[in-house]
Every structure is written in C-alpha cells, then in structure tokens.
Amino acid sequence: MRATDADPGYFHKVVDCQWACPAHTPVPEYIRMIAAGRYADAYMVNWASNVFPGVLGRTCDRPCEPACRRGRVEENNGENKGASPEPVAICRLKRVAADLKGDVKARMPVRLPGNGLRVACIGAGPAALTVARDLAPLGYAVTVFDAEAKAGGFIRTQIPRFRLPESVIDEETGYILDLGVEFRAGERIDSMVALLGEGYDAVFVGCGAPRGRDLQLPGRLEAAAQIHIGIDWLASVSFGHVTSVAPRVIVLGGGNTAMDCCRSARRLGATDVKVIVRSGFDEMKAAPWEKEDAQHEGIPILNCHVPKAFVHREGRLVGMTFEIVAAQLDAQGRRQLLPTGAPEVLIECDEVLLAVGQENAFPWIEADCGIAFNRWGLPELDAQTFQSSRPEVFFGGDAAFGPKNIITAVAHGHEAAVSIDRYLHGEDLRQRPPPQFNLISQKMGIHEWSYDNGVSNDDRFKVPWAAAEKALASIKVEVELGFDAATAFKEAQRCLNCDVQTVFEPKACIECDACVDICPTDCITFTGNGEEAELRGRLKAPALNESQALYVSTELKTGRVMVKDEDVCLHCGLCAERCPTGAWDMQKFLFNTAKAGGRDPAQQGVST
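Owing to the predicted nature of the structure, the values given are computational and were not obtained by experimental measurement.

Chemist: Lay out the packing of helix α3 (residues 27-35) against helix α8 (residues 90-100) with the relevant residues and their values.
Modeler: Between α3 and α8, whose axes approach to 10 Å, the crossing angle comes to 50°. By the angle class used here, α3 and α8 are oblique. The way α3 lies across α8 gives a crossing that is left-handed. Facing α3, whose interface residues are Val27, Tyr30, Ile31 and Ile34, α8 presents Ile90, Leu93, Lys94, Val96 and Ala97. The class makeup of the residues in the contact of α3 with α8 is eight nonpolar, no polar and one charged.

Have a look at this one:
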C-alpha cells in the first residue's frame with residue numbers, strides 16, 4: 001500500500017460521527033464543551049453547522065449515532081455483558097447545549113451592509129431558513145414566503161408538541177428572522193412566473209414534500225370521512241383544528257410520521273391504537289427509538305399485513321381487511337412479500353390515518369417557466385449545486401430529491417446558499433470553497449495532553465421521561481425531560497474524542513514496538529507492506545471493516561511499515577504516552593464546512 005496521504009478528507013472520515021452527519025457538525029468538539037460546562041459555546045458550534053440545535057436535539061434522525069465508534073469498540077471488546085453496544089447519546093447532548101446555553105443573542109452574526117441583491121425563499125422550513133441564515137448576514141435582502149402564520153414549515157406542522165415544544169421552534173426560527181430576514185407570513189406562492197417577475201436575483205424553493213400519499217382501496221370513497229392523510233391530520237392537530245379522535249384507530253405506515261400519528265391519537269383519547277405495516281418489523285423506515293417509544297406507550301405494531309379494503313356499514317368505517325404475508329428473498333436477493341395462504345384478517349376500527357409516504361407537488365410552477373422536472377415529478381438539479389435548469393432558481397430539502405429529514409434539509413440549505421452566493425458573484429458554482437480545518441498538537445509536556453483521555457466505562461445513560469399518566473393526558477406535555485448537567489457530564493465522558501487524531505512521524509520511530517504492546521485494541525502493527533486486502537488479513541488484529549481506512553506509514557529503517565486500523569482505535573493516547581521518541585502525537589482535528597461567503601464559523605459567534 002502507498003503511505004497514507006493524511007489530508008483533511010482522511011482525518012475527517014476518521015471522525016465517524018461528524019462524517020456521517022449531513023451537515024458535518026463537529027460532534028466531539030461540542031461534547032467536550034458540554035463536559036466543561038461551556039454550554040453556550042457548544043450551542044454555537046452546533047448552530048454554525050445544523051442551525052436548529054434545540055429542535056434537532058429532540059427530533060434528529062441521528063445518522064451520527066450508528067456511526068459512533070463507541071458502539072464498535074464495545075462490540076469488539078465484548079463489553080456490555082451481552083447487551084447491544086450503545087453509541088454516545090449525541091443527539092440528546094445537543095439538547096443539553098440548547099437547554100442550558102443561556103442568552104446567546106449577542107453571539108449571533110452581525111449583518112453586513114446591504115449588497116443590493118435580493119433572494120426569495122419559498123417555504124419557511126429548515127432548508128429555506130438555513131439559506132436565509134447563511135445569506136442575510138452577508139448583506140443579501142432575503143425574503144421568506146410561507147402560507148402559515150409562523151416560520152418552521154413541517155418542523156412546526158408535523159412534529160407533535162409532546163416531542164417538540166412550540167417555544168423551541170419560536171426561539172430558533174427567531175434567531176434567523178432577527179438577522180434582518182423579511183418574513184412574509186400567510187403568503188402562499190401561486191405562480192413561479194409571477195414571483196420571478198418581481199425582480200429577485202435568485203429564488204430558493206424549500207417548500208418540502210407537501211402531499212401525503214393516499215391509498216386507493218375498495219371502500220375508500222364510501223368511508224372517506226373517517227380516513228385521513230397522516231401529515232394533514234398532524235397539521236390539523238398542531239393548529240388545534242383536531243382535538244379528539246375516535247376510540248379505535250388504525251395507523252397505516254411504518255415511518256416516523258406513522259409513529260407521530262399513533263402517539264398523537266393515543267393522547268387525543270383513542271383507547272385502541274394499532275400501527276399496521278406491510279413490511280417486516282425490522283424493515284420499517286421509522287427509527288428504532290421511534291418504534292420503541294410507541295411500544296413503550298402501549299401501541300402494538302402489526303407487521304406483514306397488506307391492506308386489502310376499508311370495511312364500512314351505512315357510510316361509516318368499521319374496520320379494515322388485511323392479507324397476511326411473509327418476507328422472502330428471491331434469487332437476486334431482493335425482498336418479496338408473498339402470501340402465506342392464511343385467511344384475510346378483519347381489524348375493527350373507527351378511524352384510519354394514512355402515513356404511507358409523501359410526494360412532491362409543484363402545481364404553482366408553470367410548465368413553460370424553464371424549470372425541468374423528471375418523470376417522478378422532482379426538479380432536474382445539479383446534485384452538487386442544487387441549481388435547476390433555470391439558473392437563478394435553486395431547490396433544497398424535501399423539495400429537491402424527495403422526503404428525507406431535518407438535518408439533510410439543513411445540509412442542502414448550506415450548499416444551496418454557497419451556490420446562490422457564487423452565482424450572484426459570477427463564480428463557477430462547481431468550484432466549491434474548501435472547508436476550514438486545523439490539526440493542532442495537544443501536547444502540554446513530554447507525556448501530558450490538554451484533553452481528558454480517561455474514557456468512561458459507563459453504559460449509555462437513559463433520558464428521563466415524564467410520568468406516563470401526565471404525558472399521555474395531553475398532546476402538549478413534552479415526554480422526554482432531557483439530561484440534567486450532572487448526567488450530561490457523565491454521558492459526555494463516554495465520548496472517545498475521535499477528532500483527537502493519532503499522528504505518526506516515521507523519521508522519529510525507532511521501531512521499539514512499545515506502542516504495539518500497550519495498544520488496548522491491537523490496532524497497531526509493524527510489518528512488511530503488501531496489497532491492501534492481503535495486508536488487512538495479517539495485522540495483529542485483522543482489519544475487517546473495509547469502509548474505514550488503514551493508516552500506513554512510509555518505509556521505516558527495517559523495511560517494515562507501521563499500519564494502524566483506524567476502525568477500532570480508541571484515541572486513548574496510550575501509544576503517544578508510551579513512545580520514547582515522540583513519534584506518536586495526539587493532534588486535535590477541527591473540520592468546518594465552508595459556508596456562503598467563505599467566512600470562518602469562529603467569526604459567526606463560535607468560540608473554539
């Protein structure tokens with residue numbers, strides 16, 4: 001193998017949680033700040049990347065957590081006494097920063113003088129608000145249009161208040177609108193042509209995927225009054241238009257929207273709520289914790305039931321029939337749902353909530369306005385720049401590539417803002433500004449370091465919940481109470497500081513193998529070089545995860561090379577402490593993606 005080119009991309013990938021986050025939030029950096037009681041600093045590190053720390057600390061899909069190194073090393077070391085290894089509670093620590101930060105208004109960006117350029121954002125959801133947050137401080141006149149009275153988009157209308165209090169949405173959307181953004185509430189855009197005719201220099205479309213999928217089965221029309229589209233029903237609950245529900249409710253669908261529907265129905269008075277999915281339980285799209293929360297509240301999930309018909313009597317819904325299927329793999333390894341031959345099942349109900357997917361809808365974009373759409377009804381976009389076939393129009397969030405999640409919408413917003421900024425300055429959109437990064441030694445003495453490498457052996461701490469009788473009695477009582485400061489400190493100590501990298505200097509190495517002897521995970525090997533596949537197999541501990549790179553040195557004096565398996569390294573620093581020549585060093589790697597205007601996050605209220 002060639003010696004590792006330890007460039008920013010290489011070290012970035014070693015920080016698995018940050019690499020997995022669509023917005024590339026510097027996770028270990030803010031977790032250390034939380035452990036030090038620097039909650040406002042931790043909040044601002046988050047705010048520069050993910051824009052909505054308080055919202056995401058409660059509702060994020062958490063792509064960072066499955067990537068967390070803590071889970072892998074516990075699994076490989078046989079810890080947790082047979083229990084499933086648990087990642088650091090990254091999402092819930094984010095909420096700690098939001099809850100304990102105090103007043104951060106003075107740390108928000110100061111708006112630069114106006115540059116005379118006008119940008120319209122359609123929709124006040126996370127993608128459009130991120131565009132506004134990035135462009136308004138640079139002097140752009142940003143106008144955000146939304147049909148609703150308050151900003152937030154689907155954050156406000158689809159996430160129930162027992163998961164996300166409205167005060168949190170108001171606070172975090174307010175930080176953005178206070179940057180000098182004009183918010184045109186209650187104004188629905190009915191014509192792209194008309195909007196473009198108002199002289200905006202660029203338009204960002206962040207209207208989400210506003211149409212819930214229907215399910216056309218026998219009995220659908222006859223029982224229409226008792227059958228509701230899930231996202232529309234959640235919006236009606238959010239605005240107080242729906243305050244009660246019938247006793248027996250079926251929720252169809254296996255995503256997070258279905259979980260929100262069933263838990264909301266339970267709080268609105270339903271005594272018999274069932275979630276019914278056509279797939280297997282493990283194949284449901286809902287996050288594992290969302291399913292666990294629903295089951296914790298006594299809501300059963302029936303899987304492998306394919307809906308066949310709505311049963312009605314005298315114009316009223318009385319139940320649904322289902323075919324029982326089983327999942328099997330065909331010769332190509334594709335999953336098939338095959339009938340078991342069992343008789344159809346009738347499940348009685350009074351109302352049905354359909355949460356079987358969402359679709360994009362752009363009836364207000366005229367066919368002749370120069371914006372092309374593909375056969376799925378999605379805009380044809382440059383996947384890197386988010387620019388449409390009409391150069392001044394950009395898309396992001398669910399409106400761009402279909403339904404995803406909040407953090408993905410935020411990431412789209414950042415990239416679209418970069419594109420808009422470059423487009424309006426006549427620059428090449430595909431030449432993306434480089435990230436800001438640094439790599440700084442943590443040495444404070446011969447064998448002393450400026451960070452705490454005493455990793456806790458604690459299992460993941462559980463977030464406390466409100467009492468069930470209180471939480472289930474109201475749609476507005478927040479279920480999760482969040483960590484207190486003491487528990488947050490203990491959970492933060494579980495972080496392995498993956499951004500504090502092990503950096504090797506071959507010229508200083510005397511090949512004493514002291515680092516090999518002391519490494520607790522056997523991730524360091526001195527051996528002859530070879531092709532990667534062969535080399536992985538003959539390390540001290542075979543490196544089986546090919547998605548994580550090997551760290552390979554140049555040839556040493558004996559002709560051997562140092563090979564380190566980044567996949568299971570604890571970043572404990574024992575190799576650097578033991579090394580008699582300082583060939584190993586612990587160096588903190590801080591990576592921040594470039595934002596519109598190329599400003600460093602430290603200039604936007606972040607103290608690192």
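What follows picks up the thread again.
Chemist: Could you give an account of the side chain of glutamate 478, naming the residues involved and the relevant values?
Modeler: Tracing the sequence through the fold places glutamate 478 in the loop between α18 (468-471) and α19 (485-492). In this structure the side chain of glutamate 478 is engaged in a polar contact, spanning 2.7 Å, whose partner is the side chain of arginine 58. Other than its neighbours up to four places away in sequence, glutamate 478 contacts Arg58, Arg95, Arg161, Phe162, Arg163, Pro165 and Ala466.

Chemist: Tell me about the sheet that holds strand β9 (residues 301-302), and name the residues and values.
Modeler: Spatially, five strands are ordered β6-β14-β7-β8-β9 in an open sheet, and the strand pairing comes out parallel. Because the sheet does not close on itself, it has two edges, and the strands there are β6 (227-229) and β9. As defined by bridge partners, strand β8 (residues 272-276) adjoins β9 across two bridges and the pair is classed as parallel. Considered in β9, the bridge of valine 275 is made with isoleucine 301. Each of β7 (248-252), β8, β9 and β14 (351-354) is contacted by helix α14 (residues 256-267), which is oriented at about 175° to β8, the strand it contacts most.

Chemist: Before we move on, can you summarise the sheet that holds strand β16 (residues 393-395) with the specific residues and values?
Modeler: The five strands are arranged β3-β2-β1-β4-β16 in an open sheet whose pairing can be described as parallel. Only two strands of the sheet have a single partner each, and these edge strands are β3 (182-185) and β16. Direction aside, the axes of adjacent strands within the sheet are offset by 20° on average. Two strands pair when backbone bridges link them, and strand β1 (residues 118-122) and strand β4 (residues 202-205) are joined in this way by four bridges, in the parallel orientation.

Chemist: Help me get a handle on the side chain of glutamine 226, residues and values and all.
Modeler: Mapped onto the elements of the fold, glutamine 226 is located in the loop between β5 (211-212) and β6. We classify glutamine 226 as buried; its relative accessible area is 8%. In this structure the side chain of glutamine 226 is engaged in a polar contact, spanning 3.2 Å, whose partner is the backbone nitrogen of leucine 317. Contacts of glutamine 226, omitting those with residues within four sequence positions, involve Gly315, Arg316, Leu317, Asp350, Glu351 and Val352.

Chemist: Would you mind going over the pattern of salt bridges in detail, with residue names and values included?
Modeler: Applying the stated criterion to the full structure yields 48 salt bridges. The partner of aspartate 382 in a salt bridge is arginine 430, and the shortest N-O contact between them spans 2.5 Å. On the criterion of sequence distance, the pair formed by aspartate 382 in the loop between β15 (358-359) and β16 and arginine 430 in the loop between α17 (406-423) and β17 (436-441) is long-range, its members being 48 residues apart. Here the salt bridges do not stand alone but share partners, grouping Asp16, Arg69, Arg72 and Asp567 into one network.

About the cut-offs
Residues numbered from 1 in each chain as written. Predicted model: local features only at pLDDT ≥ 70, side-chain atom pairs only at ≥ 80, totals over all residues. Heavy atoms only, no water. Axes fitted to C-alpha atoms, helices over the stretch in contact; angles between N-to-C directions. Helix = DSSP H or I, 4+ residues; strand = E, 2+ residues; numbered from the N terminus. Parallel < 35°, antiparallel > 145°, perpendicular 65-115°, else oblique. Left-handed = near helix turned anticlockwise from the far one by under 90°. Contact = heavy atoms within 4.5 Å. Nonpolar A, V, L, I, M, F, W, Y, C, P; charged D, E, K, R; others polar. Polar contact = N/O pair within 3.5 Å; in protein donor to acceptor, adjacent residues only side chain to side chain. Pairing = 2+ DSSP bridges. Buried < 20%, exposed > 50% of the residue type's maximum accessible area, 1.4 Å probe, protein only. Salt bridge = Lys/Arg side-chain N within 4 Å of Asp/Glu carboxyl O.

Honestly, that's just the spatial picture; any functional story needs more than this.
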